Structure formats: C-alpha cells, structure tokens
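Read off the chains here:
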Amino acid sequence: MTGEPSTMVAHVAEGGRDMPGLMKYLYGPGKANEHRDQHMVAGSPGLALAWPGALAADEARELGHFVESSWRAAYMEQMAEAGLPVRGISRTARGSEPGVVDVFGNDVFGPEHVYHLIVSLPPDNAWTDEQWAAVAQEFMSGMGFSDGPDDDQGCRWVAMRHGLSVNGNEHMHIAVNLVRQDGRWAELPHRTDRNGNRHRNDFALVQRVRREIEERHDFVIPLHDRGRSGRSLPAYTMAEHQQSRQRAELTGKEVPDRVLVRQLVRAAAAMSTTEVEFINAVLDGAVGVELDVARWAPGGHDTVTGYKVRIGDGPWLSPTHFDPEMTLGKLRAQWEPNETPQTRAEALALWRGDAAPAEATPVAAGDVEEQVRAAVAELDAWNGDLERLSSDAPQWRRHERDAAGLLSVFSRIDGPTGESFAVAADALIRHTVDDAPTSTTMPQPRGQDGAPAQRFGPTRAELAARHAATALRASSPDHHRGWLAVLAQVQRTVTAVHAASAARQELAAARALHTNAVAVLEHVTTGLQHAVPERAAFAPEAAGAAAMARVATGRVKAAPDTTAAGVSPTRPAGAEKPAPDERRGRTR
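Criteria and cut-off values
Residues numbered from 1 in each chain as written. Predicted model: local features only at pLDDT ≥ 70, side-chain atom pairs only at ≥ 80, totals over all residues. Heavy atoms only, no water. Phe/Tyr/Trp six-rings, centres within 6.5 Å; stacked < 30°, edge-to-face > 60°. Helix = DSSP H or I, 4+ residues; strand = E, 2+ residues; numbered from the N terminus. Buried < 20%, exposed > 50% of the residue type's maximum accessible area, 1.4 Å probe, protein only. Lys NZ or Arg CZ within 6 Å of the ring centre and 35° of its normal. pLDDT = per-residue confidence, 0-100. Contact = heavy atoms within 4.5 Å. Pairing = 2+ DSSP bridges. Axes fitted to C-alpha atoms, helices over the stretch in contact; angles between N-to-C directions.

Undergrad: I'd love a proper account of the packing of aromatic side chains, names of residues and values included.
TA: Tallying each qualifying case throughout the model produces eight aromatic pairs. Their ring planes at 75° and their centres at 5.8 Å tell us that F278 and Y307 sit as a pair that is edge-to-face. A residue pair is termed long-range when its members are at least 10 positions apart, and F278 in helix α10 (residues 275-284) and Y307 in strand β9 (residues 304-311) qualify at 29 residues. Here F278 matches Y307 in class, with each residue buried. Cluster of aromatic residues (ring-pair linked, three or more members): F278, Y307, W335 and W351. In this structure, R156 packs its charged tip against the face of F66, placed 3.8 Å from the ring centre. When the ring centre of W316 is taken as origin, the NZ or CZ atom of K308, which lies over that ring, is 4.9 Å away.

Printed below as a string of structure tokens:
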C-alpha cells in the first residue's frame, strides 16, 4: 500500500560524464519498456517546476545539460582548446577510457562528474512522492551535496521515479552533478591506488546516511527491523551521534561509543574460548578501554553475572545497551566445553582486580606473514565446512555469530577499509540478533552430525580471528598484498551466510546481507586489488605498542605472582588494596 512504512536499500550506480544521456534513459521507456509514469519528485531549486511530468527525449537531454551546466562552465576553455563544441559532446568523446586529452596530454573533462544513487523498496511496498522527496533531500544534505531545499550554490541534482524495476521494486534515481554551482567539486571519501590515482570510496558514507534517515522517519523501517518480533540491537541516541561527530573532528572516526563497544566486544568474543581469554581480548581491543563488573551474584563476590565496558571517558555500557547476544550467560554457554577450574579462577581474579591482565607479545615481520597464512588456512577449512552444511542446520546460528565477530576484528582497521568492514560487521551482527531465539543462553555447540561437540580449544573460526587480529597489530590490508587472500576467504564466508539465509527464504534478511555485507566486501577487495603494491612486504608499520599482540593460538597465562597478591591493574604497587565491594575499572 502506498505510503506504508517500508525498508529501503541504497546503492551507488555507475555514474560517468554524460548527464544528458542519463536523463534521456531515466525518462525513456527503459531496457524492457518497464518505465512508467516518469516524473521528477525532487531536485535543486526550481527544477521540478521547470521540468514537470514526463519528458520527451530532447527535453530530458535539455534537463541534463542544465544540471551539469557548472561542469560545462568549468571545462569550457579546455573543450574549446581541444576543438570540441561546448554543447553536443558525443558519448564517445565523454568516455573516460580513453578520455579526450589536450595537446599536453591532460584529460579535457577532469574526473567523472555524474553521481548516480538508487534507492529502492522491497516488492509490494510503495511510498508517496512526498516521502520519496523527503528521502532524496536528506540523502543530498547528509552526503554534503546540498545545504537544503533553498541551496542554490551546492550541487545541482534530480530525483526521479519511473515505476517498478524489472524485479518489481519501487525505486528512485538520484543524479548529481559533482561540480557545485560555485565551481568547487563536492568532497567524497576517496582512496588512492598504487599508481597514485584517486578513486571514490563512498559506500560507508551512503550507508551511514541511510541509517540516519531510518532514525528520523517513521515511514522508513530499519533493514534489521523488518519482520522481527520486538528484538533488535539497541540504537544509539541523537546525543551520542552528536558527540561522535564532535569527536570525529579530532579522531577522524565518526562512530558512537555504543557501536565501537559492540564491535570491540564481538571481536573479543570471536577469538575467545574461555572467560579469561575474553577479558584479556576486550582489554587489548582499543586504547583506553575499561571493563568492570556490573553485577555480582547474591551472597558475595564469587560469581559475576554482568559486566560493563567503556572507552575513554565515554559512558559505561552493559550488553543490554549495546548487544544482547554478548551477555555472560550466552557467552559462557559457548565457553563451557573449554573451561577448567584454573581458567575460572583466573577469570574471577581478573574480575576482582586481584590479578593483572596478561601481557601482550611483540609481533615480528616474519610472524605477520605466518599469521596471515595461518588465517587463510583456517578460513579455507571453515568455509569448506560452511559450504557442505545444509541451509536449515541449527549450526548456522553459531557460524553467523562467528562471522559477525570475524568482521568486527577487521572493523578496527583505520580509514575507509575499516569503516567498510564496520558496515559489513553491523549487518552480520543485526542478522544474528534479529534471528536469535528468545532464550537467555546460546545453544551448546554441536558437530556436523548434530551431536553435542566434545571439543577443547578454539574452533577454526576462532583461530582465524586470532591470527587475523594478531597480524593486524603490525600490518594492514591497505598496505600488504598478502592480505588479499584473507579478504577473499572472508568474502567467501559472508557469501555462504547470505546463501543460507536466501535458501531459507529469509528474503528481507538476505537482501540486507547482500547490500551491507556481500557488496561491501566485494567493493573493498576490488579496491585493494588496485591500491596495494604488487610486492608489498610484510613489515611492521610501527614499533612499540602498535606492534604488541598476544600470540594468536596461545592459552592465556596466569598473572605473575607479583600481581596475584592484590595489585590492581589501575593501582600502583604498594597502594592499599580496595575494599572487596569496590568496583575497579581495569584499563590497558
């Protein structure tokens, strides 16, 4: 029904340098005569009034010429020197490979100026033109193309509809001229390949703006909310979002604490087989992270029933506030086969503050290459198991959770690569939460035959996460080509999860996974294939603390005797030991 709440998917389509040609296609009959009721729903000031309703081919091209007029003005002199007319440039001449060059060999037309975004709804869902217009305007503002409906100096843009796609989806095309009316180019995230060429890397930005729109409008259902029964990830507040924007001015990373903590804890859980390993992994996960007891079982300080985490001076967050799948009750069900009286005692000592976290181990250049190769081997074996597993097998719940944790490990990479992995990790995390049973504990691990697993030590997924996390302390996929084999295996894992979801007819969930996880990893891998030097060596990128990591497959060691006597990690030696009921934060 038109106007009813619906999910939406946004993706960047191929742009180029031919705005008149794009307008002619959008207003035309389509490749299979599927276009109906072609009309503009929103655009730069005055465009919808000047070009209302359906347009003939010449009218559509005229609209395209007007939208890209600032680009034409910027490159008019170069086009004249190249002997080209200011109007009527052929589509062949506009091609970027090869482009038209002047006598000095410079590209006459500069970078591609046509930006093309498609926003679509699931089949049998529809919005009014007013709803589509609101979404279009907010995409333009959120991505920095426009300062609002009255902005006459920003990028010129058009949002239009032409009926259902060949797959039966209502959708909207947004075409943007990246040359603003004041002559400046719009700023978008970029990456640089090994030849020094810059390429747009805007996927994470598009998905961030989509999520912001979801939060503001009742008629937009978040992708992870479709079909759920009152269960989802806790959302961050507008105050948290504003705080993260302010912090981004210093750190360059605009991510709320709630999301950072979720990724950190998921990554720690992905590489832990016991509670003491989990505690140490959380404390190793970020600079300034603190982990503390939130609740003790009645009767003393012998059993921890809840924990809380914070980063720096941020708020304390419990799993209820960042990820209900990461409660101690659910995690302990997974750790149970590996726990011993010794590991339980070590964990309790850390919770009480009677022992110090395990020390990290330096990572040498040769160790990085070894860890990367080991990660590839474990992932390859794990993916083989996934591809042989029936789509309706109960083990998928655990595998999906492991995949979310693995992507969370990669989300800690700095820059656009880490941001893209964060988008994919968030999609997997939401998938595991949305499909989770309502019980308070996770099911016991089981083998391929469905029998209870009798295992001690980490699974292949946990080993892969450990190897990757260790190597990432002194290396990065952005600089070393050997990581491409790891990323190919990670992409294979996510593809298997998506295929199983689709086979179970979880259409909305599968669509969300493809858009926000499968497509993201394809984008990242393709970009790095061009950007990373062919013969990049596995050399540590920084010394000291940046090259410190726990050995990937090693069991966490007991704290040394000097700390077991009661020295808290945040209390200097010789200081008075706090009272037993005092809650002590531990920081690495």
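Undergrad: Tell me what's going on with the confidence of the model for the protein, and back it up with residues and numbers.
TA: Summary statistics for the protein give a mean pLDDT of 75 and a share of 71% for residues scoring 70 or more. Ranking the helices and strands of the protein by mean pLDDT puts helix α13 (residues 341-352) first, with 94, and strand β11 (residues 548-549) last, with 30. Scored below 50 in pLDDT, residues 84-109 makes 47 contacts in the model with residues more than four places away or belonging to other chains. This stretch, residues 537-585, has a pLDDT under 50; its non-local contacts, to residues over four places away or in other chains, come to 114 contacts.

Undergrad: Tell me what's going on with the sheet that holds strand β3 (residues 114-120), and back it up with residues and numbers.
TA: In space, the five strands of this open sheet follow the order β1-β3-β5-β4-β2, with antiparallel pairing throughout. At either margin of the open sheet sits one strand with a lone partner, and together these are β1 (9-16) and β2 (39-43). The average undirected angle you get between the axes of adjacent strands in this sheet is 25°. Relative to strand β4 (residues 157-161), β2 runs antiparallel, the two being bridged by four bridges. Paired with H39 across the bridge in β4 is R161. Against the sheet, helix α6 (residues 129-142) contacts β1, β2, β3, β4 and β5 (171-177), and its axis sits at roughly 35° relative to β5. Strands β1 and β3 of the sheet are contacted by helix α7 (residues 203-216), whose axis makes an angle of about 140° with β1.

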